[in-house]
Amino acid sequence: MNTKIQPKTVYLMIGFVILSLLAGLLGTIVTITGPDSWFAVELIKPAWQPPNFLFGPVWTTLYILMGLAAGYIFAQGWEKKEVKIATVVFLIQLGLNVLWSYMFFGWHLLLGATIEIIVLWVMICVTMYLFYKIKPVAAYLLIPYILWVTFATALTATIWLIN
């Protein structure tokens, strides 16, 4: 069994990491949580919400893991139908990830963001399932992501409910 990662795979992983980080950067355009922001001033938040400074490093780590996972999958061969499907589903969930930031922080649509993050959670599960069928390690790389989005779903729903 050859466990060495091929150079092509490394390049694809780097490319997908950059793509994922760019998606995260798109989301940060509207993610304003400073002391005078809508988020800080107008919203009631649960006591169990983590401090704001934690979100940046966590999301950066998650985007890197997402990119590594997608690179592993894409390296298995774009000509394969299952790779195409898994990659498209990954890109859809990545778009949903960005959309949540706009719905919540940009447009202040708390109910819409709650529904949207549930859809995102489902799409991450589908992505993990498809990745697992192709390359299990790619699905394992997404475990921290699904755990964080599970927490974020509870947080989003709670903020919607108490506001």
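Residues numbered from 1 in each chain as written. Predicted model: local features only at pLDDT ≥ 70, side-chain atom pairs only at ≥ 80, totals over all residues. Heavy atoms only, no water.

### Looking at the packing of aromatic side chains
- This structure, assessed with the given rule, holds 17 aromatic pairs.
- Note on F16 and F74: the rings are 5.4 Å apart at their centroids and 50° apart in plane angle, and the pair reads as tilted. You can see F16 sitting in helix α1 (residues 7–28) and its partner F74 sitting in helix α3 (residues 52–74), a full 58 residues away along the chain.
- Relative accessible area serves as the criterion here: at 23%, F74 is assigned to the partly exposed category.
- Here the aromatic residues F16, F74, W78, F90 and F131 are joined through ring pairs into a cluster of three or more. (Phe/Tyr/Trp six-rings, centres within 6.5 Å; stacked < 30°, edge-to-face > 60°. Helix = DSSP H or I, 4+ residues; strand = E, 2+ residues; numbered from the N terminus. Buried < 20%, exposed > 50% of the residue type's maximum accessible area, 1.4 Å probe, protein only.)

### Description of α3
- In this model, α3 (23 residues) spans 34 Å end to end at C-alpha, consistent with the 33 Å of a helix rising 1.5 Å per residue.
- Turning to α3, its buried residues number three or more, namely V58, W59, L62, Y63, L65, M66, G67, A69, A70, G71, Y72 and I73.
- Buried residues along α3 sit against α1, α4 (81–106), α5 (110–134), α6 (136–141) and α7 (143–162). (Expected span 1.5 Å × (residues − 1). Contact = heavy atoms within 4.5 Å.)

### Observations concerning the environment of P136
- Examined against the element boundaries, P136 turns out to sit in helix α6.
- Once the C-alpha coordinates of P136 and A69 are considered, the two residues, 67 residues apart in sequence, prove to be 9.5 Å apart.

### Brief notes about the side chain of S101
- Mapping S101 onto the fold places it in helix α4.
- When its relative accessible area of 10% is taken as the criterion, S101 is described as buried.
- Apart from residues no more than four positions distant in its own chain, S101 is found in contact with G27, V30, T31 and G106.

### Quick look at the layout of surface pockets
- Within this model, the largest pocket holds a volume of roughly 620 Å³.
- Lining the largest pocket are 27 residues, and of these T31, F55, W59, W100 and F105 lie nearest its centre.
- The element contributing the most residues to the lining of the largest pocket is α3, with six residues. (1 Å grid on protein atoms, 1.4 Å probe; cavity = no way out; pocket = protein on both sides within 12 Å on 5 of 7 lines; lining within 4 Å. Points joined across faces, edges and corners; volume = space filled by probe spheres on them.)

### Section: the packing of α1 against α3
- Remark: α1 packs on α3, axes separated minimally by 7 Å, with the N-to-C direction vectors making an angle of 140°. By the angle between their axes, α1 is oblique relative to α3. When the axes of α1 and α3 are compared, the crossing they make is right-handed. From α1, T9, L12, M13, F16, V17, S20, L21 and G24 reach across to α3, where they touch T60, Y63, I64, M66, G67, L68, A70, G71, Y72 and F74. (Axes fitted to C-alpha atoms, helices over the stretch in contact; angles between N-to-C directions. Parallel < 35°, antiparallel > 145°, perpendicular 65-115°, else oblique. Left-handed = near helix turned anticlockwise from the far one by under 90°.)

### So, the packing of α5 against α7
- As a packed pair, α5 and α7 sit with axes 9 Å apart at the nearest point and diverge in direction by 165°. With respect to α7, the element α5 is oriented roughly antiparallel. Relative to α7, the crossing made by α5 is left-handed. Contacts from L110, L111, A113, T114, I117, I118, L120, W121, I124, C125 and M128 in α5 reach I143, Y145, I146, V149, T150, A152, T153, T156, A157, I159 and W160 in α7.
- Grouping the amino acids of the contact of α5 with α7 by side-chain chemistry returns 18 nonpolar, four polar and no charged. (Nonpolar A, V, L, I, M, F, W, Y, C, P; charged D, E, K, R; others polar.)

### Focus: unusual backbone geometry
- The backbone of H108 shows a phi angle near 60°, a positive value even though the residue is not glycine.
- For H108, the location among the structural elements is in the loop between α4 and α5.

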